[in-house]
Amino acid sequence: MKPRILFLSGSVAASLLFNSCATNPVTGKREVMLVSEGQELAMGQQSDPAVTAQFGLYPDDKLQKFINEKGKQMGAISHRPELTYNFRVVDSPVINAFAVPGGYVYFTRGIMAHFNNEAQFAGVLGHEIGHVTARHSAKQQTNAIIGQVGLMGAMIASPKLAQFGDQAMQGMQLLFLKFGRDDESQSDELGVEYSSKIGYDAAQMADFFQTLEREQAKSGADPIPDFLSTHPNPADRYNRVHQLADQWKAGNGNPTNLQVNRDQYLRMIDGIVYGDDPKQGFVENNVFYHPELKFRFPVPTGWKHQNTPQQFQMADPGGKGMQMLMMAPGNTLEEAAQALAKQLSLQPTDSKKTTINNFPALAFVADQVQQDQQTGQQVAGVRTLTYLIQDGKTIFALIGVAAPADFDGFAPQFTSVAQGFQRLTDAEKLNRQPERVRIKKLTLRSNLETALRRYNVPEKRLEEMAILNGMQLNEQVNAGSLIKVVEK
């Protein structure tokens, strides 16, 4: 859906802007802000359930306690100590951290696994709190109100198809919130300031940027957005953050007791899930398996895919067709069809009952009607083919989506995927365990590559493990040092 543009008369616009200025808590300067602090807090309170429902909280009490303690400590010395901050580790393998208005800050387990000391974590934590204290999210909402796009949908298909997922993708939109370069630079400064004030060596944040750059280079053309794509990373960012850290030290008596706390951090994340968690579903050889819900279905060859606890999405490489799996509300197939049509603003044109591999099912075609911004007429934005499949009390919705002009070409593909939905009985898939980060203490001095080989890291994963450790393969590691490896 296109952003609404407000057409205001000169006097009304001037009055609105004049009466909507607020003092930025960080800079002390007056700036246009159409979102009040009360609205900002309400936005965070409304967004938090969407984020936690979309990804789930990572079930590790010690990690949740750690991020809360450090976050509250940092919030207290920030430019907005009066806010009630909330911190979460969410159950996503994506390497990311993000903040939403009103003091809600989220770290994925993916980024927690890639930190190599507390100081790196603290620098990024300060950076995200900086987005909150400088009201960057609220400023984005203001920009959206005056006609600029403030949110980037995280759908893996085309922007037109991304419109279809708006109702189901609130959390994903927040995860991939994009800030401008000036906001990012300001948050880097605040990350240095805040992490230093609570006793950490802020230079370590710069070192973590190198880990992120190497990770992005390794992943190549990965379609899933990550920390770097949502946090603009100019080539000089590493040097700039080091310079900021040095300047802070020089201006504060060059303290010598700033902490890094590598070993403490590594011991804390020992056992953290690494990569996709099979129990939430995984793709292997063009098949999506879900061990907990005990089903499987095919993934078209070459299609991109993305999995979260709430839904599985896949899209053709050209972005013209997509299909998603999600839970449907209701006790019967008919109830589910009605509820889904209402939830997604669908107007069904055809439906039929069927059976798919002994599961009762209902298929219906529907259009998602949208208003043409130029004519004001109601038009079919996208066409959908939905298969509702009932397994006991659970009803699954496999929703295929394409533009009306492309729909006939994709409909057979959508049907083939749905008809491939069947019970998962393979014991190996049902009992698949996730990979986890394991912390090893070295008994001999060697380079990292030699140390990794001692723990049976295969050749093809040596560079991956070097990035995970924030080191180079030829870097020397002493006896008694801790390193990360990945095991099941």
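Residues numbered from 1 in each chain as written. Predicted model: local features only at pLDDT ≥ 70, side-chain atom pairs only at ≥ 80, totals over all residues. Heavy atoms only, no water.

Engineer: How should I be thinking about unusual backbone geometry in this particular structure?
Structural biologist: Backbone geometry follows two general trends: most residues other than glycine have a negative phi, and most peptide bonds adopt the trans configuration. Even without being glycine, Asn254 reaches a positive phi, approximately 45 degrees. With respect to the element layout, Asn254 can be found in the loop between helix 12 (237-251) and helix 13 (262-268). At Asn261, a position not held by glycine, the phi torsion is positive, near 55 degrees. Mapped onto the fold, Asn261 is located in the loop between helix 12 and helix 13. A residue is classified by how much of its surface remains accessible, and Asn261, at 17% relative accessible area, is buried. (Helix = DSSP H or I, 4+ residues; strand = E, 2+ residues; numbered from the N terminus. Buried < 20%, exposed > 50% of the residue type's maximum accessible area, 1.4 Å probe, protein only.)

Engineer: Honestly, helix 14 (residues 333-343) in this entry has me stumped. Any pointers?
Structural biologist: Note: α-helices contain 3.6 residues per turn, so residues at a spacing of three or four share the same orientation. Along helix 14, the residues that are buried comprise Leu333, Ala336, Ala337, Leu340 and Ala341. Looking straight down helix 14, one finds its buried side chains confined to an arc of 130 degrees; they lie on one side. Pointing more than 90 degrees away from the buried face of helix 14 are the exposed residues Gln338 and Lys342. A positive phi of about 55 degrees marks Ser345, the residue just after helix 14. (Arc of directions from axis to C-beta.)

Engineer: Sorry if this is basic, but what is going on with the pairing of strand 16 (residues 394-402) here?
Structural biologist: Regular strands show a simple pattern: their side chains alternate between the two faces of the sheet. Across the nine residues that make up strand 16, a large majority, eight, are buried. Bridge analysis of strand 12 (residues 321-327) against strand 16 gives seven bridges, and the strand direction is antiparallel. Residue Met324 lies in a different strand from strand 16, and its bridge partner there is Ile399. (Pairing = 2+ DSSP bridges.)

Engineer: I keep staring at the pattern of salt bridges and nothing clicks. Help me out?
Structural biologist: Close approach of charged atoms allows side chains with opposite charge to pair. Following the criterion strictly, the structure yields 20 salt bridges and no others. The network of salt bridges with common partners includes Glu284, Asp426, Glu428, Lys429 and Arg432. (Salt bridge = Lys/Arg side-chain N within 4 Å of Asp/Glu carboxyl O.)

Engineer: Would you mind showing me how to read the sheet that holds strand 6 (residues 273-274) here?
Structural biologist: Two orientations exist for strands paired in a sheet by backbone hydrogen bonds: parallel and antiparallel. Strands sit in the order 6-18-21 across an open sheet of three strands; the sheet is antiparallel. Bordering the open sheet on either side are strand 6 and strand 21 (482-487), each of which pairs with just one other strand. In this sheet, strand 21 lies alongside strand 18 (residues 435-441) in antiparallel orientation, the contact comprising six bridges. The residue of strand 21 that forms the bridge with Arg438 is Val485.

Engineer: Help me understand the packing of aromatic side chains in this model?
Structural biologist: How two aromatic rings sit relative to each other is set out by the distance from centre to centre and by the angle between their planes. One pass over the structure, following the stated rule, counts 22 aromatic pairs. Measuring from centroid to centroid gives 6.3 Å for Phe115 and Tyr265, while their planes differ by 80 degrees, and the two rings are edge-to-face. On the criterion of sequence distance, the pair formed by Phe115 in the loop between helix 4 (109-114) and helix 5 (118-133) and Tyr265 in helix 13 is long-range, its members being 150 residues apart. Judged by centre distance (6.3 Å) and plane angle (65 degrees), the ring pair of Trp303 and Phe410 falls under edge-to-face. Placement of Trp303 in the loop between strand 9 (295-298) and strand 10 (304-307) and of Phe410 in helix 15 (residues 404-419) is noted, with a sequence separation of 107 residues between them. In this structure Phe410 comes out as buried when scored by relative accessible area, which is 15%. Taken together, the aromatic side chains of Phe288, Phe295, Phe297, Phe312, Phe359, Phe396 and Phe421 make up a single cluster linked through ring pairs. Sitting above the plane of the Tyr289 ring, Lys429 keeps its charged end 5.1 Å from the centroid. (Phe/Tyr/Trp six-rings, centres within 6.5 Å; stacked < 30°, edge-to-face > 60°. Lys NZ or Arg CZ within 6 Å of the ring centre and 35° of its normal.)

Scope: geometric values only; no functional claims are made or implied.
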